[in-house]
Amino acid sequence: MTTNGDVLIRVENLQKAFGDFHALNGITEEIHKGEVVVIIGPSGSGKSTFLRSLNLLEVPTGGHIYFEGVDITDAKVDIDKHRQKMGMVFQHFNLLWSRTVKENIAFSMQIAGVPKAQIQARVAELVELVGLKGRENAYPSQLSGGQKQRVGIARALANHPDVLLCDEATSALDPQTTDQILDLLLDINRRFNLTIVLITHEMHVVRKICDRVAVMENGKVVEEGDVLSVFTHPQQPITRQFVRQVSQYAEEET
């Protein structure tokens, strides 16, 4: 099966069970090229499992995932080849603590067999892009939380991915640093037309960055749409709860 022209990822009836617990209950979604999709939901709603299923870090127990028209849930597909086109940004950074900033960024390219000269040029380009010029030789223990996440973003971009999958990428950061990281992600999206899928439980993240929001509860997408329509006409109780949260956040800012 091939997907529509601007569809980057299509998920059909996605299911994931851990024993008797069903974390995902038949999700069908399309993610389009160049858009920023934010998935929100309370803890235990299945949003992290859904995100990690997109690059098969969690292997689904049912359904299909099509990435650039290829069914990557097919056992005959070389998933490592497709994972190189799916950059992953983690909540707790997942940096290699014995490696410097530039060595962390270079690592995935080394694994992919990229020539050394190309690695050096790409690392320099990414260090500049994420605002870490002058910190190339620092170790993670010498960096702030925001700087660590900038390294994580640079590393995720190293192999020129078509999508960034961000797993609670700002929840370990303070509000000011969160805004800086969201500004960086938005700049990357606009500059390179890079698709971003970001999960969060923080509604102000949605307000700041996304084109489209999907609300998850009990392993299902219960509501979705553009931010304005979801914010102004929330249909589900869980969505109304999140809207109240962002209203409260806005009042605290003023």
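Heads up: the structure comes first, above all this text.
Residues numbered from 1 in each chain as written. Predicted model: local features only at pLDDT ≥ 70, side-chain atom pairs only at ≥ 80, totals over all residues. Heavy atoms only, no water.

*Asks:* Is there a simple way to think about the nonpolar core in this case?
*Replies:* The nonpolar side chains of soluble globular proteins are, as a tendency, buried together. Ile 153, Leu 164, Leu 185, Val 206 and Ile 209 are the most contacted members of the largest nonpolar core, which has 51 residues in total. Here this core takes six residues from helix α6 (residues 175-192), the largest share from any one element. Apart from residues lying up to four places away in sequence, Ile 153 is in contact with Val 89, Val 130, Ile 181, Leu 184, Leu 185 and Ile 188. Membership of the second largest hydrophobic core comes to 26 residues, among which are Ile 31, Met 88, Leu 165 and Met 216. (Core = buried A, V, L, I, M, F, W, Y, C linked by side-chain atoms within 4.5 Å. Buried < 20%, exposed > 50% of the residue type's maximum accessible area, 1.4 Å probe, protein only. Helix = DSSP H or I, 4+ residues; strand = E, 2+ residues; numbered from the N terminus. Contact = heavy atoms within 4.5 Å.)

*Asks:* Just checking my understanding: could you explain the pairing of strand β3 (residues 36-40) for this structure?
*Replies:* Residues in a regular strand point their side chains to alternate faces of the sheet. Taken across its five residues, β3 has five buried, putting it largely inside the fold. What you see with β3 is no split at all: Val 36, Val 38 and Ile 40 on one side and Val 37 and Ile 39 on the other are buried throughout. Sheet topology places β3 next to strand β8 (residues 195-200); five bridges connect them, and they run parallel. The partner of Ile 40 across the bridge, within β8, is Thr 200. (Pairing = 2+ DSSP bridges.)

*Asks:* Is there a simple way to think about unusual backbone geometry in this case?
*Replies:* Trans peptide bonds make up the majority, and among non-glycine residues the majority have a negative phi. A positive phi angle is found at Asn 13, which is not glycine, with a value near 50°. Here Asn 13 lies in strand β1 (residues 7-18). Within the chain, His 160 stands out as a residue other than glycine whose phi angle is a positive 55°. Here His 160 shows up in the loop between α5 (145-157) and β7 (163-167).

*Asks:* Whenever I open this one, the sheet that holds strand β2 (residues 21-32) confuses me. Can you help?
*Replies:* The strands making up a sheet associate through backbone hydrogen bonding, with each pair oriented either parallel or antiparallel. In space, the four strands of this open sheet follow the order β2-β1-β4-β5, with antiparallel pairing throughout. Since the sheet does not close on itself, it has two edges, and those belong to β2 and β5 (70-71), each with one partner. The pairing of β1 with β2 spans nine bridges and is classified as antiparallel. Opposite Ala 17, over in β2, you have His 22 as the bridge partner. Relative to β1, helix α1 (residues 47-54) is tilted by about 125°, and along the sheet it contacts β1, β2 and β4 (62-67). (Axes fitted to C-alpha atoms, helices over the stretch in contact; angles between N-to-C directions.)

*Asks:* Looking at this structure, how should I read the packing of α5 against α6?
*Replies:* In helix packing, the relevant descriptors are the interaxial angle and the interaxial distance, both defined with respect to the helix axes. Where α5 contacts α6, the axes come no closer than 10 Å and their chain directions differ by 20°. Between α5 and α6, the crossing angle belongs to the class labelled roughly parallel. Considering how the two elements wind past one another, α5 and α6 form a crossing that is right-handed. Mapping the contact onto sequence places Gly 146, Gln 149, Arg 150, Ile 153 and Leu 157 in α5 and Thr 177, Gln 180, Ile 181, Leu 184, Leu 185 and Ile 188 in α6. Partitioning the contact of α5 with α6 into residue classes produces six nonpolar, four polar and one charged. (Parallel < 35°, antiparallel > 145°, perpendicular 65-115°, else oblique. Left-handed = near helix turned anticlockwise from the far one by under 90°. Nonpolar A, V, L, I, M, F, W, Y, C, P; charged D, E, K, R; others polar.)

*Asks:* I'm lost on the pattern of salt bridges in this one. Help?
*Replies:* For side chains of opposite charge, pairing can occur when their charged atoms come near one another. Using the criterion set out here, one finds 13 salt bridges in the structure. A single network of salt bridges, built from pairs that share partners, joins Glu 29, Glu 35, Arg 212 and Glu 224. (Salt bridge = Lys/Arg side-chain N within 4 Å of Asp/Glu carboxyl O.)

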